[in-house]
Amino acid sequence: MKFNEALDLLQVYEAGKPIELVVREYCLKAHEVIKLASNENPYGTAQKVRDCMLHALTHVHFYPDDSMYELKKSLAEHFHVVPEEIIIGAGSDQVIDLAIRAKCKKNDSILMAGITFAMYEIYGRAIGANIVRTQNEQHNLDEFKALYKKHNPKVIFICSPNNPLGEALEVNDIVQFLQEIDSEVLVVIDGAYQEYAAFKDRKMKIVPTEIIKQFPNILYLGTFSKVYGLGGMRIGYGIAQKEIIKYLYKLRPPFNVTTLSLVAANQALKEQDFIEYSLKNCFEQMGCYEDFCQERGIEYIPSYANFITMKLGKVNSTTLSEWLLSQGVIVRNLASYNINAIRITIGTQEHNKRLLLLLKEFYETY
Ligand SMILES: *Cc1c(COP(=O)(O)O)cnc(C)c1O
C-alpha cells in the first residue's frame, strides 16, 4: 500500500522508555528502575490534585465539559488573559498539530532550531511542509532572521527553554526578533519549561499576556506535563489573540481532553506551593550534575529546564545509555537527534545520587 510519501522521510518519535519495558527487558523489579528520561516531575503531583481526580470518578460516564469552562477560567486568571484567548489540548502536542494544520499547506516552510522538539518536524512533514532548520544546534536568532528572509516560512517555532538542549532565550531578544517578523507569519513560542526558566532567571521569563498583546501573530504554548506533574493526563494549552484561537478551534476534535485531565489541571494550577517546591529542588539537584561534569571535564549545556544535557565526546551515548538501562536507570539518548549526548531529567535527591554513582562507575571503568 502507498502512504503519504512525506512520511517516508520520518522516523517514529522515540519517546522515553517506560519503566514497564525496562523491567521486562532486563529482568529488574519495578521499584529498582528509575526513569529520568521524559522530563516528568519526580515529585509527582500535588496530593489535592489526586484527591480531586478520585472525586471526579463518579461522573466519568458523562462526556467532559467541552467548553472547558472551569479550567479556562483558572488559566485566564493565572495568565491575565480572557478565556477566548485560550485553547486546551490533549497535551500541548495537540495544539502544535492544530497550529501547523491551521496555518500551513503542502510545500510551505516551517522554521525551527537545529536541534529542538521533534514533534514540530513530525506534524510539519505529515502535511508535506518543508522543514528549515538553523545550522546552529541551539536557538540563534540572527540565523533565524536570515533564514526567515530566505525561506519566507509560514510558521516559526521558538522553544524556550529548548528541549532537548536546555538553553533559553532572553525575552528582550525574543521581542526584538518578533518586531522584524511579518504579522502574517505564525510564531509559536513553546513554553513547556517556562516555569523553570522564570524561576532560574527572570530575564528568560515570557509573560504570555504581554507578548500576545503586542503581537497578533504569536501562539504561546504551555503544558501540565512537566512541572505540574501531569504527564499521564495529557493536557496542555495555547494562548493567543482570539483570531488565532478561533482558527485552531475549527480543527479541534470535540471532547479532546478528558474529564479527569480537566479536573486535575484545574487543581494543579492552584497548588503553587508544590510548584515552588519542585522548582527549588530541581535547580538544587541540578547543581550535583554540574559539579560532576566539571570534575570530569564533561561538556554540558547550562540548563533552564528540568533536565541537563551532556555532550559526551569520546564516550558513545548509546553505549552509556544502554549500560545505564541494564543498571535500571532510564535516561534519554540523543543519538536520534544526531548528537552524541544524553539528556538527564533531574530527579529526586535519591534518584540523582544513584545515577551519579553509576556515572562515576562508568567513567572510572571506561
Ligand atoms: C513535553 C513538551 C511538550 C508537550 O508536552 P505535552 O505532554 O504534549 O503537553 C511540548 N513542547 C516541548 C518542548 C516539550 O518538551
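The shown structure was predicted, so the numbers you read here are calculated from the model rather than taken from an experiment. (Residues numbered from 1 in each chain as written. Predicted model: local features only at pLDDT ≥ 70, side-chain atom pairs only at ≥ 80, totals over all residues. Heavy atoms only, no water.)

### Re the sheet that holds strand β5 (residues 155–159)
The seven strands are arranged β2-β8-β7-β6-β5-β3-β4 in an open sheet whose pairing can be described as mixed. Two strands close off the open sheet at either side, each with one partner strand: β2 (86–89) and β4 (130–133). For this sheet, the mean inter-axis angle between neighbouring strands, taken without regard to orientation, is 20°. With four bridges connecting them, strand β6 (residues 186–190) and strand β7 (residues 218–223) associate as parallel partners. Following the sheet pairing, D190 is matched in β7 by L221. Most of the contacts of helix α5 (residues 118–126) go to β4, to which it runs at about 150°, and overall it touches β3 (109–112), β4, β5 and β6. (Pairing = 2+ DSSP bridges. Helix = DSSP H or I, 4+ residues; strand = E, 2+ residues; numbered from the N terminus. Axes fitted to C-alpha atoms, helices over the stretch in contact; angles between N-to-C directions. Contact = heavy atoms within 4.5 Å.)

### Topic: the sheet that holds strand β12 (residues 332–333)
Strand order in the open sheet made by the four strands is β9-β10-β13-β12, with antiparallel pairing throughout. Two strands bound the open sheet, and with one partner strand each, they are β9 (299–301) and β12. The pairing of β12 with strand β13 (residues 341–345) spans two bridges and is antiparallel. Residue pairing in the sheet places N333 in a bridge with I342 of β13. Packed on one face of the sheet, helix α12 (residues 272–296) meets β9, β10 (307–311) and β13 and runs near 10° to β10. On the sheet, helix α13 (residues 317–326) packs against β12 and β13 and is oriented at approximately 35° with respect to β13.

### A word on the nonpolar core
If you look at the biggest cluster of nonpolar residues, it comprises 85 residues, and the most contacted ones within it are I156, F224, M310 and I344. The leading source of residues in this core is α12, at nine residues. Core analysis: the next-biggest nonpolar cluster, separate from the first, contains 27 residues, Y120, Y123, A129 and L186 among them. (Core = buried A, V, L, I, M, F, W, Y, C linked by side-chain atoms within 4.5 Å. Buried < 20%, exposed > 50% of the residue type's maximum accessible area, 1.4 Å probe, protein only.)

### A look at the site of the ligand
Surveying the vicinity of the ligand reveals 13 residues, the closest of which are D190, T223, S225, K226 and R234. Here an oxygen atom of the ligand sits 2.6 Å away from a polar atom, N or O, in the side chain of R234. Relative to its unbound accessible area of 380 Å², the ligand is 94% covered by the protein chains. The class makeup of the residues in the shell around the ligand is four nonpolar, five polar and four charged. (Near = heavy atom within 4 Å. Polar contact = N/O pair within 3.5 Å; in protein donor to acceptor, adjacent residues only side chain to side chain. Areas by Shrake-Rupley, 256 points an atom, 1.4 Å probe, with all protein chains shown as cover. Nonpolar A, V, L, I, M, F, W, Y, C, P; charged D, E, K, R; others polar.)

### Here's the deal with the side chain of T259
Looking at where T259 falls in the secondary structure, it is placed in helix α11 (residues 259–270). Leaving out residues up to four positions away in the same chain, T259 has contacts with H59, F62, Y63 and P64.

### Structural notes on the pairing of β7
Within β7, six of the six residues are buried, which leaves it mostly tucked inside the rest of the structure. Burial of the side chains of β7 extends over both faces: I218, Y220 and G222 are buried on one face and L219, L221 and T223 on the other. Relative to strand β8 (residues 236–240), β7 runs antiparallel, the two sharing five bridges. Along β8, the bridge assignment pairs L219 with A240.

### Overview of unusual backbone geometry
Here S160 and P161 are connected by a cis peptide whose omega angle stands at -5°. Residue position: P161 is located in the loop between β5 and α7 (171–178). That bond from N163 to P164 is cis: its omega, 15°, falls within 30 degrees of zero. Take P164: it is sitting in the loop between β5 and α7. A positive phi angle is found at C27, which is not glycine, with a value near 50°.

### Looking at the packing of aromatic side chains
Counted according to the given criterion, the structure contains 15 aromatic pairs. Ring geometry for Y193 against F307: centres 5.3 Å apart, planes inclined by 85°, an arrangement best described as edge-to-face. Taken together, the positions of Y193 in the loop between β6 and α8 (194–200) and F307 in strand β10 put the pair 114 residues apart, joining distant regions of the chain. Here Y193 matches F307 in class, with each residue buried. Taking the centre distance of 6.0 Å and the plane angle of 5° together, the rings of F199 and F283 count as stacked. Taken together, the residues F199 in helix α8 and F283 in helix α12 connect sequence positions 84 residues apart. (Phe/Tyr/Trp six-rings, centres within 6.5 Å; stacked < 30°, edge-to-face > 60°.)

### Quick word on the pairing of β3
Burial along β3 is two-sided: the face carrying S109 and L111 and the face carrying I110 and M112 are both buried. When β3 meets β4, the two strands line up parallel, connected through four bridges. Note on β4: the bridge partner recorded for M112 is R133. Read as a crossover between parallel neighbours, the route from β3 over α5 to β4 is right-handed. Here β3 pairs with β5 via two bridges, running parallel. Residue pairing across strands places I110 opposite V155, the latter belonging to β5. (Right-handed = clockwise from strand over helix to strand, strands pointing away.)

### Regarding helix α14 (residues 349–365)
Here α14 spans 24 Å end to end across 17 residues, near enough to the 24 Å set by a 1.5 Å rise per residue. Taken residue by residue, α14 has N352, L355, L356, L358, L359, F362 and Y363 as its buried positions. One side of α14 holds all its buried residues, which, seen down the axis, span an arc of 165°. Exposed side of α14, more than 90 degrees from the buried face: E350, K353, L357, E364 and T365 are the residues found there. (Expected span 1.5 Å × (residues − 1). Arc of directions from axis to C-beta.)

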